[in-house]
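# Fold and contact review
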Amino acid sequence: GGRADHHFATLSDLSIFSSGKYGNLTRVEARGIDASYFFLSGKIPRWKGKLDVGQIVSLFSMSDGSSGVSLSGFEYSLKNAKLTPSSRGLSNRTVRKNCGVQISSGRMLVVVPVLGGQR
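Residues numbered from 1 in each chain as written. Predicted model: local features only at pLDDT ≥ 70, side-chain atom pairs only at ≥ 80, totals over all residues. Heavy atoms only, no water.

## Here we look at the sheet that holds strand S7 (residues 92-93)
- The strand order S1-S2-S9-S4-S7 describes an open sheet built from 5 strands, whose pairing is antiparallel. Looking at strand neighbours, the two that pair on one side only are strand S1 (29-31) and S7, the edges of this open sheet.
- In the sheet, strand S4 (residues 56-61) pairs with S7 via 2 bridges, with the strands oriented antiparallel. Each residue of the ladder has a partner; that of Val57, found in S7, is Asn92.
- Along the sheet, helix H1 (residues 4-18) contacts S1, strand S2 (35-41) and strand S9 (107-113); its crossing angle with S2, the most-contacted strand, is approximately 35°. (Pairing = 2+ DSSP bridges. Helix = DSSP H or I, 4+ residues; strand = E, 2+ residues; numbered from the N terminus. Contact = heavy atoms within 4.5 Å. Axes fitted to C-alpha atoms, helices over the stretch in contact; angles between N-to-C directions.)

## Observations concerning the pairing of S9
- Judged by how many residues are buried, S9 sits mostly within the fold: 5 of 7 residues are covered.
- Bridge count between S2 and S9: 7 bridges; the pairing is antiparallel. The partner of Leu40 across the bridge, within S9, is Met108.
- Where S4 meets S9, 4 bridges bridge the pair, whose relative direction is antiparallel. (Buried < 20%, exposed > 50% of the residue type's maximum accessible area, 1.4 Å probe, protein only.)

## Comments concerning the packing of aromatic side chains
- Counting across every chain of the model gives 2 aromatic pairs.
- Ring geometry for Phe17 against Tyr22: centres 5.1 Å apart, planes inclined by 55°, an arrangement best described as tilted.
- Of the residues examined, Tyr22 reaches a relative accessible area of 54% and is grouped as exposed.
- Taking the centre distance of 5.3 Å and the plane angle of 35° together, the rings of Phe38 and Trp47 count as tilted. Each member of the pair Phe38 and Trp47 is classed as buried. (Phe/Tyr/Trp six-rings, centres within 6.5 Å; stacked < 30°, edge-to-face > 60°.)

## Concerning the sheet that holds strand S6 (residues 81-83)
- Taken in spatial order, the 4 strands of this open sheet run S3-S8-S5-S6, and their pairing is antiparallel. Looking at the sheet topology across the chains shown, the edges are occupied by strand S3 (46-50) and S6. For this sheet the average axis-to-axis angle between neighbouring strands, irrespective of direction, equals 30°.
- Pairing geometry for S3 and strand S8 (residues 98-102), over 5 bridges, is antiparallel. Counted as the bridge partner of Lys50 is Asn98 from S8.

## Re the environment of Gly42
- The topology assignment puts Gly42 in the loop between S2 and S3.
- With near-sequence residues (within four places) excluded, Gly42 lies in contact with Ile103, Ser104 and Gly106.

Structural data, given as structure tokens:
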């Protein structure tokens, strides 16, 4: 319905589903008109994408902290890092078509904005 508070509440709830609290899921994702959202946790520890080179991707910790965060195929790489809820993972760019995010604990949201009307 276009309300930012409802959007954030939905993303928060989906993040909790990725933790396995409500059953063992192998993937939690949502697709909207502005972005695709992928949820990671210790139960769903990796995301792999096939994106255009230069695609913006943002990462957000959806828990107190996400640890063991490693990125491949991005301009700003991380290896075994810890991300807390902040803007630190905002607006990274892919440098290869095949890219990925991996975490060992916590909950993370991977946001792939729709650019130029393409997904």
